[in-house]
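Chain by chain, the residues run as shown.
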Amino acid sequence: MNIRNTISSNFTIAKNYLRGHKKASLSLTVLLLTLGILARFSLAGRGYNFDFESWLMIGDIVHKGQNVYVETWRYPYGPVWSQMLGVLRGISLQFSSPDIAFRYLVISVLTLVDVGVWAILKKYYGHIVAFAYFLCPMSIIITGYHNQIDTMAVLFALIGIITFSEVEMKITRRKVVG
């Protein structure tokens, strides 16, 4: 038996088990979502990169009521994210460690975006594809460590595809394994 047949067989067994056991399916879903969320937050204590420093600077600028595009060259994005950073910065300043609170608030927002992507993938492609995305190490690192907003683009792209697509979105087991 080759690897492809083994993987296909395991997917079939898992799918059939979950179909017949709604309670087990819900428990497994909650468990895997919780693991993915905890993995994202666990990376917060491992340091950060240039993006988080930029978000902190942008949050401060917006919270002070200043124009991001005039005050710094480090923000080439649209105004929605900068305004969100300003709100998160305002909330974080209520805590005794505002920079740490800000980091966790940013990760919270980005994790909600990841959960949104997961929900869309689950609805249109099933559990396996959704969890392949949500538990993918790169997805976890992008959200939890880098704090990059790339997943927002993915979420809005998926929403756009769903909204304007005339064809039904299907994915085959062969595409998942591939």
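Scope of this entry: the structure provided in the associated data block. (Residues numbered from 1 in each chain as written. Predicted model: local features only at pLDDT ≥ 70, side-chain atom pairs only at ≥ 80, totals over all residues. Heavy atoms only, no water.)

### A closer look at unusual backbone geometry
Positive phi outside glycine occurs at Asn147, with the angle close to 55 degrees. Here Asn147 is to be found in the loop between α8 (137-146) and α9 (150-164). (Helix = DSSP H or I, 4+ residues; strand = E, 2+ residues; numbered from the N terminus.)

### Comments concerning a nonpolar patch on the surface
A cluster of nonpolar side chains, namely Leu28, Leu31, Leu35 and Leu135, defines an oily patch on the protein surface of about 320 Å² accessible area. Tracing the sequence through the fold places Leu28 in helix α2 (residues 22-42). Among the residues examined, Leu28 registers a relative accessible area of 36% and is labelled partly exposed. (Patch = residues over 30% accessible without salt bridge, like charges linked within 9 Å, V, L, I, M, F, W, Y side chains within 5 Å. Areas by Shrake-Rupley, 256 points an atom, 1.4 Å probe, with all protein chains shown as cover. Salt bridge = Lys/Arg side-chain N within 4 Å of Asp/Glu carboxyl O. Buried < 20%, exposed > 50% of the residue type's maximum accessible area, 1.4 Å probe, protein only.)

### Observations regarding the packing of helix α3 (residues 50-63) against helix α5 (residues 79-92)
Each pair of packed helices gets described by two things: the angle between the helix axes and the distance between those axes. Relative to each other, α3 and α5 sit at 80 degrees, their axes nearing to 7 Å. Here α3 is positioned roughly perpendicular relative to α5, judged by the angle of their axes. Residues Trp55, Leu56, Ile58, Gly59, Asp60, Val62 and His63 of α3 lie in contact with α5, whose contacting residues are Trp81, Ser82, Gln83, Leu85, Gly86, Arg89 and Gly90. Looking at the contact of α3 with α5, its residues break down into six nonpolar, six polar and two charged. (Axes fitted to C-alpha atoms, helices over the stretch in contact; angles between N-to-C directions. Parallel < 35°, antiparallel > 145°, perpendicular 65-115°, else oblique. Contact = heavy atoms within 4.5 Å. Nonpolar A, V, L, I, M, F, W, Y, C, P; charged D, E, K, R; others polar.)

### Focus on α5
With 14 residues, α5 extends 20 Å between its outermost C-alpha atoms, agreeing within 8% with the 20 Å of an ideal straight helix rising 1.5 Å per residue. Here α5 has its buried residues at Trp81, Ser82, Leu85, Gly86, Leu88, Arg89, Gly90 and Ser92. Elements in contact with the buried residues of α5: α3, α4 (68-71), α6 (98-125) and α9. (Expected span 1.5 Å × (residues − 1).)

### Observations concerning the pattern of salt bridges
Going through the model one piece at a time under the given rule, you end up with four salt bridges. Put simply, Arg74 and Glu53 hold a salt bridge, and the shortest N to O gap is 3.8 Å. With a gap of 21 residues between them, Arg74 in the loop between α4 and α5 and Glu53 in helix α3 connect regions that are remote in the sequence. Among the ionic pairs, Arg89 bridges to Asp99, the shortest N-O distance being 3.1 Å. Of the two residues, Arg89 is situated in helix α5 and Asp99 in helix α6; the sequence distance between them amounts to ten residues. Judged by its relative accessible area of 6%, Arg89 is buried. Judged by its relative accessible area of 37%, Asp99 falls in the partly exposed class.

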